[in-house]
Amino acid sequence: MKAVVIYTSKYGTTEQYARWIAEELDAPLCEASSVKPSSLMDYDVVIYGGGLYAGGIIGSKLVAKNPCKALIVFTVGLATPETTDYSEILKRAFTREQLSAMKLFHFQGGIDYGMLGVVYKAMMAVMKKQIMKIPPTERSSDDRELLETYGGKVDFTNRATIKPLVDYVRSLKTTWPQ
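As the structure is a prediction and not an experimental result, all values here were calculated from the model. (Residues numbered from 1 in each chain as written. Predicted model: local features only at pLDDT ≥ 70, side-chain atom pairs only at ≥ 80, totals over all residues. Heavy atoms only, no water.)

1. Some details on the packing of helix α5 (residues 118-132) against helix α6 (residues 141-149)
Argument step 1. Between α5 and α6, the least distance of the axes is 10 Å, while the angle of their chain directions is 120°. Put simply, α5 runs oblique to α6. At the point where α5 passes α6, the crossing takes the left-handed sense. Where α5 approaches α6, its residues M124, M127, K128, I131 and M132 are matched on the opposing element by D143, L146 and L147.
Argument step 2. A per-class count over the contact of α5 with α6 returns 6 nonpolar, no polar and 2 charged. (Axes fitted to C-alpha atoms, helices over the stretch in contact; angles between N-to-C directions. Helix = DSSP H or I, 4+ residues; strand = E, 2+ residues; numbered from the N terminus. Parallel < 35°, antiparallel > 145°, perpendicular 65-115°, else oblique. Left-handed = near helix turned anticlockwise from the far one by under 90°. Contact = heavy atoms within 4.5 Å. Nonpolar A, V, L, I, M, F, W, Y, C, P; charged D, E, K, R; others polar.)

Written out as structure tokens, the structure is:
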């Protein structure tokens, strides 16, 4: 089975997950901007990773607009994947048919406010302001976490969380390297 790991990363956490996945699967690693859309069909499995920004999956148009034999998508965001509903973001990025055909995984990344551009700093400030309007007893754990880490640097990346994705890819064909 021929697989490739493709990613788009603004601040590095999506790239880190993509590197770990590529290492585990002994698959080539490519930054999305260097991938020719026509080459996607050269692979049995395309694993695409994109960071979550402003209600979208950065760079996902590459795999949404171009055919792949099999597509696995992973997202990386600041929120806790176990308690976050990604359905609206996914509906904006992919068609219903694409969503039913692909396998999805979500990982938690991190943030370094010092690296953020003006637009993202403004967006985070708006989010903080909105959270501050919520009574403290009604704030989610992600809300509390954002307030605690606001303005600083936090890294939630965890290599162990890629195991379900890696196991899934390996299960696609028994000849996949273990």
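Let us keep going from here.
2. A few points about the side chain of D143
Argument step 1. Position of D143 among the secondary structure elements: in helix α6.
Argument step 2. Although D143 is buried, it forms no salt bridge, and the closest oppositely charged side chain is R139 at an N-O distance of 6.2 Å.
Argument step 3. The contact partners of D143, leaving out residues within four places of it in the chain, are I131 and I134. (Buried < 20%, exposed > 50% of the residue type's maximum accessible area, 1.4 Å probe, protein only. Lys, Arg positive; Asp, Glu negative; His and termini not counted. Salt bridge = Lys/Arg side-chain N within 4 Å of Asp/Glu carboxyl O.)

3. Thoughts on the layout of surface pockets
Argument step 1. Its volume calculated, the largest pocket comes out at about 970 Å³.
Argument step 2. As for the largest pocket, its lining consists of 41 residues, and the residues nearest its centre are L52, G77, L78, A79 and M124.
Argument step 3. For the lining of the largest pocket, the elements supplying multiple residues, two or more each, are α1 (13-25), β3 (45-53), β5 (71-77), β7 (110-112), α5, α6 and β8 (153-155).
Argument step 4. Ranked by residue count, the leading element in the lining of the largest pocket is α5, at 6 residues.
Argument step 5. Grouping the constituent residues of the lining of the largest pocket by class yields 20 nonpolar, 15 polar and 6 charged. (1 Å grid on protein atoms, 1.4 Å probe; cavity = no way out; pocket = protein on both sides within 12 Å on 5 of 7 lines; lining within 4 Å. Points joined across faces, edges and corners; volume = space filled by probe spheres on them.)

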